[in-house]
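Listed here are the chains, written in short residue letters.
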Amino acid sequence: MELVARISTEWRRRMLFMLFMICGIAAWFLYDGYILWPNEAQRHAVYLEIKNMLIDAGDAVDGESTSVRLAWERHAREMDYKRNIPKARTDGDIKEQRVIGWIMTVVALLYGAWIAWNHTRQVRVVGEIVIGASGQRVKLDSITTIDRKKWKNKGIAHGIYEEGGKQRRLCLDEHKFKGCEAIIIEADKRIKARAEQNT
């Protein structure tokens, strides 16, 4: 029997979706840290100047005064700013956004590398030997039973076999490696054939 089970399209799509999400989060924080928040901090500094000038002149009591709001909206129109009152963005706040953005960028790169590495893995059958994704080599006829506890929900089965007097498990993940089901079917046939011979 010759068979190669490679990374499935479904697994690839799920992993790439997660990768794009992480990249999006990283881009969001970096955009805030390098563009949006520094610009808002500059607008807030101008807003404070307008507010303090009006309060010192006795034309306003505090930042909630209508005169402050109207003065800001007039200035915003002249400078083509947004009309809403800008929020205070400290240097610490901005730095935090940048740090989180770069951390998420590193996470995205590592996750992307992990996805690429997984694409180098496969489950193969060469003759009578099953070569697992982790490299373990198992004879088809040495598999004594198939554990399907996770098959229905996750598409994962385990071939149970003995080696060195110990019971071991060979992971056959159809969700991740398309083609593993054919290995399971072949192993099942052999298990049933041996059972019939012994009866």
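This report concerns the structure included in the present document. (Residues numbered from 1 in each chain as written. Predicted model: local features only at pLDDT ≥ 70, side-chain atom pairs only at ≥ 80, totals over all residues. Heavy atoms only, no water.)

A regular strand places its side chains on the two faces of the sheet in alternate fashion. Pairing of strand S6 (residues 156–163) with strand S7 (residues 166–173) involves 8 bridges; the strand directions are antiparallel. Bridge pairing in S7 places Tyr161 opposite Arg168. Turn length for the S6-S7 hairpin, with the two strands adjacent in sequence and antiparallel, is 2 residues, and the turn residue Gly164 shows positive phi of about 65°. (Pairing = 2+ DSSP bridges. Helix = DSSP H or I, 4+ residues; strand = E, 2+ residues; numbered from the N terminus.)

The subject of this paragraph is the packing of aromatic side chains. Tallied over the full model, the rule gives 4 aromatic pairs. When the centroid spacing of 6.0 Å and the interplanar angle of 20° are considered together, the rings of Trp72 and Tyr81 count as stacked. Judged by its relative accessible area of 0%, Trp72 is buried. Using a relative accessible area of 29% as the deciding quantity, one classes Tyr81 as partly exposed. Through successive ring pairs, a cluster of aromatic residues spans Trp11, Tyr111 and Trp114. The positively charged end of Arg89 is found above the aromatic ring belonging to Trp37, 3.9 Å away from the centroid. The aromatic ring of Tyr34 is capped on one face by Arg98, whose charged end is 4.3 Å from the ring centroid. (Phe/Tyr/Trp six-rings, centres within 6.5 Å; stacked < 30°, edge-to-face > 60°. Buried < 20%, exposed > 50% of the residue type's maximum accessible area, 1.4 Å probe, protein only. Lys NZ or Arg CZ within 6 Å of the ring centre and 35° of its normal.)

Turning our attention to the pattern of salt bridges. Scanning the model with the defined rule gives 11 salt bridges in all. As a salt-bridge pair, Arg169 and Asp147 come within 3.1 Å of each other at their nearest N and O atoms. Residue Arg169 is found in strand S7, and its partner Asp147 is found in strand S5 (residues 143–147); the two are separated by 22 residues along the sequence. Note on Arg169: relative accessible area 44%, which makes it partly exposed. Here Arg168 ties to Glu163 by a salt bridge, and the two come within 3.4 Å at their closest N and O atoms. According to the relative accessible area criterion, Arg168 is partly exposed, its value standing at 35%. Because the salt bridges share partners, they merge into one network encompassing Glu128, Asp141, Glu186, Arg190 and Arg194. (Salt bridge = Lys/Arg side-chain N within 4 Å of Asp/Glu carboxyl O.)

Turning next to the sheet that holds S7. Taking strand neighbours across the sheet as the criterion, the 3 strands line up as S5-S6-S7 in an open arrangement whose pairing is antiparallel. Here the strands that pair on one side only, and so sit at the sheet edges, are S5 and S7. Pairs of neighbouring strands in the sheet enclose a mean axial angle of 25°, with direction left out of account. With 4 bridges joining them, S5 and S6 adopt antiparallel strand pairing. Each residue of the ladder has a partner; that of Ile146, found in S6, is Gly159. Sheet contacts for helix H5 (residues 180–197): S5, S6 and S7; angle to S5, the most-contacted strand, approximately 125°. (Axes fitted to C-alpha atoms, helices over the stretch in contact; angles between N-to-C directions. Contact = heavy atoms within 4.5 Å.)

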